[in-house]
Amino acid sequence: MAEHEFDSRLERMFATAPACNDADAFARKVEARLDRNWRVRTLGIGSAGAVGGLIAVTQVLHSGFGFRIQQASSVSTEAVGSAFQQVLTHSEALLPSGMGVGMFLVASAIMVVVAVAAATRIFDEV
Amino acid sequence: MATSERKRLPTGLHDVELAALAAAGGRREFGELVRRHGAVVRGLLRRMGAEAATADDVAQDAFMQAYERIAEFRGDGPFPAWVKRIAVRQYLRRRKSDALLVSEDASSEQSEAAPDVGARIDLDEAMKGLNPAERMCVSLCYGAGFSHAEAAEALNAPLGTVKSHVKRGLDKLRERLAPDGRQAGSVANG
């Protein structure tokens with residue numbers, strides 16, 4: 001019994017913090033080290049990102065990517081243009097009398113905006 | 001400036017709340033935890049036998065490691081107990097080369113002479129009367145909350161050796177920390 005009491009007493013004594021006048025200074029040292037580590041990490045990650053980005057851009061430029069993009073863009077522009085022309089031709093036939101092509105485009109744009117808003121809403125809900 | 005910064009510190013929050021904020025990147029909140037519990041950790045390391053400067057270094061490293069692993073602290077036990085375990089393991093790693101920690105030979109080392117009868121001594125003074133192995137084992141088991149088996153594993157020593165160091169250490173402490181400030185033996189004798 002006395003042994004158990006002594007054990008408890010000893011544990012309490014160990015749990016009691018000894019008087020430290022420099023507790024605040026010690027905490028500030030730890031905070032300074034944390035800040036320093038954080039700055040080094042931020043700098044390291046930023047530098048790595050910048051270097052990686054630079055390498056990626058260099059690789060892309062050296063691979064003739066720009067030329068291929070130009071080619072692809074001219075081909076796709078032609079394709080989109082002809083498709084758009086076809087749509088206009090068909091839509092004129094579908095349009096009610098008195099409704100111009102401009103009106104049709106505005107209505108289409110509004111529908112697209114509404115669809116995007118609905119999709120965003122659904123995404124937020126999920 | 002310093003005063004206004006101090007005012008912004010989350011001094012009213014519980015350790016678990018501070019730890020959660022620290023896990024989200026709050027360095028000031030973690031600093032508050034260090035402010036609260038730094039002395040206990042440093043005190044334990046000193047009681048284990050570390051020099052003051054070494055104890056402070058190890059305690060700093062322990063808190064740095066604790067910040068890195070703060071997400072692992074779930075609040076199941078007290079925050080200081082969690083940090084103390086980290087600090088103890090750091091200190092033991094640092095002293096791994098010191099084979100004298102808990103060898104049987106260490107128990108034969110001379111400890112400081114017992115204080116005069118009637119002298120009131122505190123735990124730190126009483127611990128000075130233990131040899132290094134006894135200090136280490138008693139501190140681990142009573143200061144860091146290790147079981148005998150955990151202490152044996154941490155010290156890479158036989159369980160029986162740890163138990164005998166703890167027992168001898170406790171006997172010395174019991175003698176020195178008599179409730180009325182006198183040695184128990186002296187009371188019994190007279």
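Residues numbered from 1 in each chain as written. Chains lettered and ligands numbered in written order. Predicted model: local features only at pLDDT ≥ 70, side-chain atom pairs only at ≥ 80, totals over all residues. Heavy atoms only, no water.

Draft legend 1. Broad picture of the overall build of chain A. The secondary structure content of chain A amounts to four helices and zero strands. Counting from the amino terminus, chain A carries its helices and strands in the arrangement α-α-α-α. Carbon and sulfur atoms form 67% of the exposed surface of chain A, whose accessible area is close to 9,900 Å². (Helix = DSSP H or I, 4+ residues; strand = E, 2+ residues; numbered from the N terminus. Areas by Shrake-Rupley, 256 points an atom, 1.4 Å probe, with all protein chains shown as cover.)

Draft legend 2. Helix α2 (residues 15–23) of chain B, seen in detail. All names here are of chain B. By the burial criterion, the buried members of α2 are Asp15, Leu18, Ala19 and Ala22. Angularly, the buried residues of α2 cover 100° about the axis, an arc narrow enough to put them on a single face. Buried-residue contacts for α2 involve α3 (27–47), α4 (52–68) and α5 (79–94). Just downstream of α2, Gly25 is the residue with a positive phi angle, here 105°. (Buried < 20%, exposed > 50% of the residue type's maximum accessible area, 1.4 Å probe, protein only. Arc of directions from axis to C-beta. Contact = heavy atoms within 4.5 Å.)

Draft legend 3. Fine view of α3 of chain B. Residues and elements named next belong to chain B. A rise of 1.5 Å per residue sets the reference length of α3, with its 21 residues, at 30 Å; its end C-alpha atoms lie 29 Å apart and thus fit the reference within 8%. The principal kink in α3, of about 55°, is found at His37. By the criterion of burial, α3 is predominantly enclosed, with 18 of the 21 residues buried. Backbone geometry just after α3 places Gly49 at a positive phi near 115°. (Expected span 1.5 Å × (residues − 1). Bend = angle between axes of the 7 residues up to and from the residue.)

Draft legend 4. Quick peek at the packing of α4 of chain B against α5 of chain B. Residue and element names in this part refer to chain B. Contact geometry for α4 and α5: axes closest at 9 Å, N-to-C directions at 120°. In terms of their interaxial angle, α4 and α5 are classed as oblique. In this structure, α4 meets α5 at a crossing whose hand is right-handed. In contact with Thr54, Asp57, Val58, Asp61, Ala62, Phe63, Gln65 and Ala66 of α4, α5 contributes Phe79, Trp82, Val83, Ile86, Ala87, Gln90, Tyr91 and Arg94. (Axes fitted to C-alpha atoms, helices over the stretch in contact; angles between N-to-C directions. Parallel < 35°, antiparallel > 145°, perpendicular 65-115°, else oblique. Left-handed = near helix turned anticlockwise from the far one by under 90°.)

Draft legend 5. Structural view of the packing of aromatic side chains. Summed over all chains, the structure comprises seven aromatic pairs over all chains. Here Phe30 of chain B and Tyr67 of chain B contribute two aromatic rings whose centre-to-centre distance is 5.1 Å and whose plane-to-plane angle is 65°, an arrangement assigned as edge-to-face. Of the two residues, Phe30 of chain B sits in helix α3 while Tyr67 of chain B sits in helix α4, which places them 37 residues apart along the sequence. Judged on exposure class, the residue Phe30 of chain B and its partner Tyr67 of chain B are both buried. Aromatic side chains Phe73 of chain B and Phe79 of chain B sit 5.3 Å apart centroid to centroid with 85° between the ring planes, which places their arrangement in the edge-to-face category. An aromatic cluster of at least three residues, connected via ring pairs, comprises Phe26 of chain A together with Phe30, Phe63, Tyr67, Phe73, Phe79 and Trp82 of chain B. Lying across the ring of Trp38 of chain A, Arg27 of chain B places its NZ or CZ 4.5 Å from the centre. For Arg42 of chain B, the ring lying beneath its charged end belongs to Phe26 of chain A, and the centroid distance is 4.5 Å. (Phe/Tyr/Trp six-rings, centres within 6.5 Å; stacked < 30°, edge-to-face > 60°. Lys NZ or Arg CZ within 6 Å of the ring centre and 35° of its normal.)

Draft legend 6. A look at the nonpolar core. With 57 residues, the main nonpolar core has Leu10 of chain A together with Phe30, Leu45, Met48, Phe63, Phe79 and Leu173 of chain B as its most contacted residues. Filtering out sequence-adjacent residues up to four positions away, Leu10 of chain A remains in contact with Leu123, Val138, Tyr142, Leu170, Leu173 and Leu177 of chain B. (Core = buried A, V, L, I, M, F, W, Y, C linked by side-chain atoms within 4.5 Å.)

Draft legend 7. Fine view of the interface of chain B and chain A. Taken together, the contact pairs 36 residues of chain B with 28 residues of chain A. Summing both partners gives a buried area of about 3,000 Å² for chain B against chain A, and 61% of it is carried by carbon and sulfur. Looking at the side of chain B facing chain A, the largest losses of area belong to Arg27, Met64 and Tyr142 of chain B, adding up to 23% of the total buried there. Taken together, chain B and chain A are joined by eight salt bridges. (Buried area = accessible area lost by both parts, 1.4 Å probe. Salt bridge = Lys/Arg side-chain N within 4 Å of Asp/Glu carboxyl O.)

Draft legend 8. Geometry of the state of the cysteines. All names here are of chain B. Overall, the coordinates contain zero disulfides over all chains when judged by the stated rule. Between Cys137, a cysteine without a disulfide, and Cys141, which holds the nearest cysteine sulfur, the sulfur-to-sulfur distance is 6.5 Å. You can call Cys137 buried: its relative accessible area is 0%. Owing to a relative accessible area of 9%, Cys141 belongs among the buried residues under this scheme. (Disulfide = S-S within 2.5 Å.)

Treat this as a map of the structure, not an account of what it does.
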